[in-house]
Amino acid sequence: MGDNRVKFPNTPAVATETSWVEWFTDDFYPRYTRQVWVASAALVGAAILYFAWSTHNESSAVQANRELGAAYVFLSQDRFSESEQALTAFLREGHSGLARDKAYLFLGKVYYGQGKYDQALETYGKVGKGGKTPLISSGALHGVAACYMEKKEYARAAETLDEFLSVAMRRTGNPKEELAGEEIVDWSPSVPNALWKQALCYRELKQPEKAKAAVEKLRKAYPDSREARDGEKLIALME
């Protein structure tokens, strides 16, 4: 029977641990010393570059969140002018990804608070959709719907709320969703408010059945919410 073992140049046919070490130190390394050191240096360099890149990204994210936090404090205090100034300066720095989306979301809220609904719509539209941050993207959709309602464009508002709910709503009212270890949480805490807004839009559009359907979702999935109680009052007024 033929010898089918793979044989390397200048290595014994039977490769023991000792023979591999001897082959490397006595034959391979002396002949390829330069190449070994070049490859080792390249690996070390790549590791250093990756560590530096990772550290820089983490540092940049911390700094970005610090700057956005200051702008959000202004926003929460209705200091819209100061928040707008901070956010526009932040965006001029060329941030990307999640930091940019947060800034546009906050800036949209600033314009909404100032009653600049067209500017708010344009700004919310710059927030990236989907991805790994449904809370941010759904927040922009909720803002867009609120702007359309202020502009009395109820059909567009209802359509946007449908999109928001398809992204953010996970609860159905099934009792199993309350069981320990199996709790279901929405992607956004604004889901009950969105359903309430949807009911209001359908009332304005003279579509009572759709308004009742939105309220029924509130009753089933969020029975203890203020929006569910307000929804019941709304339906009573429509009947």
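Residues numbered from 1 in each chain as written. Predicted model: local features only at pLDDT ≥ 70, side-chain atom pairs only at ≥ 80, totals over all residues. Heavy atoms only, no water.

A. Geometry of the confidence of the model for the protein. Taken as a whole, the protein shows an average pLDDT of 82; of its residues, 72% reach a score of 70 or greater. Of all secondary-structure elements in the protein, the lowest mean pLDDT belongs to helix α2 (residues 33-76), at 59, while helix α5 (residues 117-124) reaches the highest, 98. The low-confidence segment residues 4-8 (pLDDT under 50) makes four contacts with residues lying over four places distant or belonging to another chain. Contacts for the low-pLDDT stretch residues 44-59, under 50 throughout, to residues beyond four places or in other chains number zero contacts. (pLDDT = per-residue confidence, 0-100. Helix = DSSP H or I, 4+ residues; strand = E, 2+ residues; numbered from the N terminus. Contact = heavy atoms within 4.5 Å.)

B. Local environment of the environment of S138. Considering the arrangement of structural elements, one finds S138 in helix α6 (residues 134-150). When the C-alpha atoms of S138 and L161 are compared, they prove to be 9.6 Å apart, with 23 residues separating the residues in sequence. Filtering out sequence-adjacent residues up to four positions away, S138 remains in contact with F164, V167, A168 and S188.

C. Focus on unusual backbone geometry. For D78, which is not glycine, the phi torsion reads 60° and is therefore positive. Along the chain, D78 falls in the loop between α2 and α3 (80-92). With a relative accessible area of 53%, D78 lands in the exposed category. The phi dihedral of K152 falls on the positive side, at around 60°, and the residue is not glycine. Its location among the elements puts K152 in the loop between α6 and α7 (154-168). (Buried < 20%, exposed > 50% of the residue type's maximum accessible area, 1.4 Å probe, protein only.)

D. Examining the packing of helix α8 (residues 191-204) against helix α10 (residues 226-238) more closely. Two elements in contact, α8 and α10, have axes whose closest approach is 9 Å; the angle formed by their N-to-C orientations is 10°. Here α10 runs roughly parallel to α8, going by the angle between their axes. Two packed elements cross with a definite hand, and for α8 against α10 that hand is left-handed. Contact residues: α8 offers P192, N193, W196, A199, L200 and R203, while α10 offers E227, D230, G231, L234 and M238. Its residues placed into classes, the contact of α8 with α10 shows six nonpolar, two polar and three charged. (Axes fitted to C-alpha atoms, helices over the stretch in contact; angles between N-to-C directions. Parallel < 35°, antiparallel > 145°, perpendicular 65-115°, else oblique. Left-handed = near helix turned anticlockwise from the far one by under 90°. Nonpolar A, V, L, I, M, F, W, Y, C, P; charged D, E, K, R; others polar.)

E. Expanded view of the pattern of salt bridges. For the structure shown, the criterion picks out 12 salt bridges. Residue R171 pairs with E178 through a salt bridge whose shortest N-O separation is 2.3 Å. Taking the relative accessible area as the measure of exposure, R171 reaches 15% and is therefore buried. Take E178: its relative accessible area is 52%, and that puts it in the exposed class. Salt-bridge contacts for R219 lead to E232; the nearest nitrogen and oxygen are separated by 3.6 Å. Of this pair, R219 sits in helix α9 (residues 208-221) while E232 sits in helix α10; the two residues are 13 residues apart in sequence, bridging distant segments of the chain. On the basis of relative accessible area, R219 is assigned to the partly exposed category, the value being 35%. Assessed through its relative accessible area of 39%, E232 is described here as partly exposed. (Salt bridge = Lys/Arg side-chain N within 4 Å of Asp/Glu carboxyl O.)

F. Broad picture of the packing of α6 against α8. One can describe the packing of α6 onto α8 by two numbers: an axis separation of 11 Å at closest approach and a directional angle of 30°. With respect to each other, α6 and α8 are oriented roughly parallel. Judged by the sense of rotation from one axis to the other, the crossing of α6 with α8 is left-handed. Across from H142, A146 and M149 in α6, the residues of α8 making contact are N193, A194, K197, L200 and C201. Taken together, the residues of the contact of α6 with α8 sort by class into five nonpolar, two polar and one charged.

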